[in-house]
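So you can see what is in the structure, the chains are spelled out below.
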Amino acid sequence: MNICVIGAGYVGLITSLGFAKHGNKVICVEKDIEKVEKLNKGIPTIFEENLEELLNECLISNHIFFTKDIHHAVKSSDVIFIAVGTPEMDNWDVNISQVTEVVNQISYYLNEYKVIVNKSTVPVGTQKYVEKLLLENGISRDKFDIISNPEFLREGKAVHDFLNGDRIVVGYDSEKSKEIMEKLYEPFNIKLVFTQPEAAELIKYASNAFLATKISFINEIANLCNKVGADVETVAYAMGLDKRISPEFMKAGIGFGGSCFPKDTKALVRIGEKNGCDFKIVRSAIEVNEEQRLVPVRILLEKFKELKGKAMTILGLTFKSGTNDIRESPSLFIIKELLRHGAIIKAYDSKASNEIKSIFPDITYCNNIIDSLVDSHCVIICTDWEEFSALDLSVLEEKMKSPIVIDGRNVLSLEEVKKYNLEYYSIGRGNYIN
Ligand SMILES: NC(=O)c1ccc[n+]([C@@H]2O[C@H](COP(=O)([O-])OP(=O)(O)OC[C@H]3O[C@@H](n4cnc5c(N)ncnc54)[C@H](O)[C@@H]3O)[C@@H](O)[C@H]2O)c1
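The numbers attached to residues start from 1 for each chain and follow its sequence in the written order. In keeping with the model being predicted, local features are shown solely for residues with a pLDDT of at least 70 and side-chain atom pairs are shown and tallied solely at 80 or more, while totals for entire chains, interfaces and linings include all residues.

(A) Up close: the site of the ligand. Put plainly, near means the residue's C-beta atom, positioned from the backbone, lies within 6 Å of the molecule or strand in question. Close contacts around the ligand come from 27 residues, with Gly7, Gly9, Tyr10, Ser120 and Thr121 the closest. Numbering goes from the N terminus for both helices and strands, where a helix is a DSSP run of H or I of at least four residues and a strand is a run of E of at least two. Only α1 (10–21) and α5 (97–107) provide two or more residues apiece to the shell around the ligand. Top element by residues in the shell around the ligand is α5. It accounts for four residues. Counted by class, the shell around the ligand contains 10 nonpolar, 10 polar and seven charged residues. For this classification, Asp, Glu, Lys and Arg are treated as charged, while Ala, Val, Leu, Ile, Met, Phe, Trp, Tyr, Cys and Pro are nonpolar and the rest, including Gly, are polar.

This is the structure in structure tokens:
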């Protein structure tokens, strides 16, 4: 099939490559010309496992092309995917202005029947909104159908998840568009769930809010574990053996971040409010998370009382390992709070996007772990990169002013920690002052 994907971000790029890999002709439209140029040269614009290989495979086989020119892309495609950003607004509403812009743009080029697929995460009712917009733009109803096809990939495993997802959700309102989606997804051999557009839109928010709640739940258990001397990993492991609970999303830490959970939980609360439903559980999951990401700062304030002039090392800036994405990363909130208390920050992350430098222009970015540790009063591990779990802990004793470790992701081996002269704080695995 001829496919057009609009937006070459985390979702649009992976979606384009996934369809290209399965033999479709894909044109991916991106308004950022720098991204277009890089991608056409085979240079990935984001860090993701197996992305570079897949990008080059699809470029060589001539199944993908990146462009700024939406005109040709829309005209020559049977199916148009919208994969642009839907950021949150200050009142927790979802800003769908990028979707509106794309719909207005494609309205000019709907020369014959096309299926317009919304892959962005959008509030319930957006499918109807897009239909209304197209009709208002003078497009006759027989020239399009709209599908809601939310994306469930995880950053860090995005390529794998797109090609091997647990399910594909398709909200549809015409048999013709349903059949086209069935054909398009057939080679993926993934369970397809066909439903109403409103249900498809809601499934995405409900899934993310559920997972976010699971994380906040285990984080509260972890905080209790630290008080009562229980080990959260054992608690989570034994809970997870119950198939109804499952071991997934049961890792305690300094909370969730990224471009999805924080905004999608808030969006669900707002969607509920607008429909007379108060999402008390999701509200609490958000509140727990906002407190959890500042646990390291609370530990430090308790210990030092005064953080002014104290040197702090932040290991890990991305919201999780396997990605360069820093959006809503707990480390950003920790850095902001430490700076507010007058601490001096040195940070290290080999993959974090450069954008961080514009957020915190005045902190020191180190090129390796060792440099970041020299003369530091404390190191806070904020991301579960393997490089940190494999750290030789003798270096902490040698290089730091005071070898205090706050392991915000529980990545260090407790057996190793106990061998060194460290002051070690974990999230629910106990604290060790050796
Ligand atoms: N990132 C994830 O893990 C993930 C997972 C599932 C769903 N989602 C959802 O998918 C959507 C996209 O997320 P993302 O992380 O890929 O966003 P992103 O910000 O990384 O990418 C969006 C891209 O769209 C481009 N764009 C915006 N308007 C455009 C236009 N008019 N023409 C061409 N290009 C345009 C931007 O330049 C950008 O490159 C969001 O709704 C998000 O909630 C994201």
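(B) The arrangement of the packing of α5 against helix α6 (residues 126–136) in detail. With axes taken as lines fitted to C-alpha atoms, and helix axes fitted only over the stretch in contact, angles between N-to-C directions fall between 0 and 180 degrees. It is at 10 Å that the axes of α5 and α6 come closest, and there the two elements cross at 35 degrees. α5 and α6 meet at a crossing whose hand is right-handed. Facing α5, whose interface residues are Val99, Thr100, Val103 and Ser107, α6 presents Thr126, Val130, Leu133 and Leu134. For the contact of α5 with α6, the per-class residue count stands at five nonpolar, three polar and no charged. Handedness of a helix crossing follows the sense of rotation of the near helix relative to the far helix, less than a right angle counterclockwise being left-handed and clockwise being right-handed. Any residue pair is listed as a contact if its two C-beta atoms, each placed from the backbone, are within 7 Å.

(C) Highlighting helix α8 (residues 175–185). Any residue with 12 or fewer other C-beta atoms within 10 Å of its own C-beta is exposed, any with 20 or more is buried, and the rest are partly exposed; the C-beta atoms used are placed from the backbone. Within α8, the full set of buried residues consists of Ser177, Ile180, Met181 and Leu184. The arc enclosing the buried residues of α8, seen along the axis, measures out at 95 degrees, which places them on a common side. In α8, those exposed residues whose orientation departs by more than 90 degrees from the buried face are Glu175, Glu179 and Lys183. Check the buried side of α8 and you find it contacts β4 (79–82), β5 (114–118), β6 (144–148) and β7 (168–171). Taken from the helix axis, the directions to the C-beta atoms give the arc we talk about.

(D) Quick peek at the nonpolar core. Each nonpolar core comprises buried Ala, Val, Leu, Ile, Met, Phe, Trp, Tyr and Cys residues, the members being joined through C-beta atoms within 7 Å. Counting residues in each nonpolar core, the largest one holds 124 residues, and the members touching the most others are Cys4, Ile6, Ile80, Phe81, Ile82, Ile314 and Ile380. Residue contributions to this core peak at nine residues, all from helix α9 (residues 197–228). Residue contacts for Ile6: discarding those within four places in its chain leaves Gly12, Val29, Ile70, Ile80, Phe81, Ile82, Ala83, Val84 and Val102.

(E) View of the sheet that holds strand β14 (residues 423–425). Pairing between strands requires that DSSP locate at least two bridges from one strand to the other. Pairing in this open sheet of seven strands is mixed, and the strands run β11-β10-β9-β12-β13-β14-β15 from one edge to the other. The outermost strands of the open sheet, each flanked by one partner alone, are β11 (364–365) and β15 (431–433). When strand β12 (residues 378–381) meets strand β13 (residues 404–407), the two strands line up parallel, connected through three bridges. Each bridged residue has a counterpart across the sheet, and for Ile381 the counterpart in β13 is Asp407.

(F) Structural view of the domain arrangement of the protein chain. Residue ranges for the domains originate in an automatic or database domain assignment. According to the domain assignment, the protein chain consists of domain 1 (2–195), domain 2 (204–290) and domain 3 (293–433). Here domain 1 and domain 3 have C-alpha centroids that lie 38 Å from each other. The partner domain 3 presents seven residues to the eight residues of domain 1 that form the contact.

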